[in-house]
Amino acid sequence: MLSGVIIEGLIYGIMVLGVYCTFRVLNFCDMTVDGSFPLGACVLAACLTAGIPEVPALLAAFFAGTAAGLVTSLIHAKLRIPDLLAGILTMTMLYSVNLRIMGNRANISFLQVPTLFSGITDKIYGRFADTVNPEWGIALFLLVFVFILKWLLDLFFHTDMGLTMGALGANEQLIISQGVNPAILRTIGICFGNGLAALAGSFAAMYSGFADVGMGSGVVVSGLASLMLGEFVLRSNKIGIQTLRVLIGSCIYRALMILVRNYGYVAGITPNDLKLVTGILILICLLVARRKVKPVHGK
C-alpha cells in the first residue's frame, strides 16, 4: 500500500506541478489539464503500439501537452476568450483528438506492449522476486525522476524569466511597464504546465496498464485539492518549499483516496463516491483557509 501511495503521489505530483505553474504562479484558471492528461496517455499508447521506444514516446507526450496548452493560450489571447472558458473549449476538443490519436478506440491495453515500468518490474522479478516488491523499483525511479524535475523547476524560477513569470501572476501591469509582453510569458507557462500534465498522464497509463480517453475526468480538481493540502502542511514563500509541498500534498491526497477505496466501506463510502469526497475536501480546505485570514477592521 505504501509503495502505491508513493507511486501514485509522485505520478500525479507531476501534474500538480503543472497546475501550480498555471493556477498559483500565473494566476490563470486552466481547465485544459482534464484534456491534456489523457492526451499524454493516448500519445504514449499510439507511440508504443507503433514500436517507438519509451523515451521518445514520453517526449512526444510532453510536447503534445505543450501544444494543447498553446491552443488554450491562443484562444485566450487572440480571441479574447476568458481563461476558464478557453480551457474548457480546448479540453472538450481534446476528447475527439484523443480518440483520433488512438485510432477511434476508447482505450488501449499495454498487456502485450513493453513499457518503461514493465521493464523495471521484470528486472526485479528476475533478481529479487522473493525479497523485494517490484513496485518499489517503480517508486525509486519516480523519486529520482520527480526530484530532478523539481530541482530543474526550482532553478528556472530563480532565473530572470522565472521571476518575471511569478511577477506576472501577481501584477501584470508591472510586467507591461518593464517592456515584457505578458501574452508570450503566459503562453510559455501554460504550455509547460500542460506538458507536465501530459507527461503525468503517460506515466499513469504505464502504471495502470492501459490508456483511456476518459482517464482525465476530474484531474484538475484533484490537482487543486493536492495543492491546497500541501499548502496546509508547509507555509513558505521560498520556491523550493512551494514545489516540495506540491509533491507532499499530492502524496497525502492519494493516500486519502487509497484509504477511501480500501476501507471506505466501513463508513458506507464506495469508489463511486471519490469525486464527492474530493469536492468536500476542497470545500473544507477553502473554509479553513478563510478562517485563517484575519479581518482588517477600520477599512
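Refer to the structure presented above.
Report follows, based on the coordinates. From a predicted model like this one, the values you see are computed outputs, not experimental measurements.

## Digging into the packing of aromatic side chains
Here's step 1: If you walk through the whole model with that rule in mind, you get nine aromatic pairs.
Here's step 2: Taken together, a centroid distance of 5.2 Å and an interplanar angle of 70° make the contact between Phe 145 and Phe 203 edge-to-face. Of the two residues, Phe 145 sits in helix 6 (residues 135-156) while Phe 203 sits in helix 9 (residues 182-208), which places them 58 residues apart along the sequence.
Here's step 3: Residue class for Phe 145 comes out partly exposed when judged on its relative accessible area of 27%.
Here's step 4: One aromatic cluster is present, formed by Phe 117, Phe 141, Phe 145 and Phe 203 through successive ring pairs.
Here's step 5: The ring of Tyr 12 carries Arg 254 above its face, with NZ or CZ at 3.7 Å from the centroid.

## Things to note about the nonpolar core
Here's step 1: Counting residues in each nonpolar core, the largest one holds 70 residues, and the members touching the most others are Met 15, Phe 110 and Phe 203.
Here's step 2: Setting aside residues no more than four positions away along its own chain, Phe 110 makes contact with Leu 44, Ala 45, Leu 48, Thr 115, Ala 205, Met 206, Gly 209, Phe 210 and Ala 211.
Here's step 3: Among the nonpolar cores identified, the runner-up in size contains 10 residues, and Met 257, Val 260, Ile 282 and Cys 285 belong to it.

## Details of the environment of Leu 17
Here's step 1: With respect to the helices, strands and loops of the structure, Leu 17 is situated in helix 1 (residues 2-25).
Here's step 2: Taking the C-alpha atoms as reference, Leu 17 lies 15 Å from Ala 204; in sequence the two are 187 residues apart.
Here's step 3: The residues contacting Leu 17, other than those within four sequence positions of it, are Leu 149, Leu 153, Leu 196, Thr 243, Val 246 and Leu 247.

The rules we used
- Residues numbered from 1 in each chain as written.
- Predicted model: local features only at pLDDT ≥ 70, side-chain atom pairs only at ≥ 80, totals over all residues.
- Heavy atoms only, no water.
- Phe/Tyr/Trp six-rings, centres within 6.5 Å; stacked < 30°, edge-to-face > 60°.
- Helix = DSSP H or I, 4+ residues; strand = E, 2+ residues; numbered from the N terminus.
- Buried < 20%, exposed > 50% of the residue type's maximum accessible area, 1.4 Å probe, protein only.
- Lys NZ or Arg CZ within 6 Å of the ring centre and 35° of its normal.
- Core = buried A, V, L, I, M, F, W, Y, C linked by side-chain atoms within 4.5 Å.
- Contact = heavy atoms within 4.5 Å.

That is the geometry; function is a separate question.
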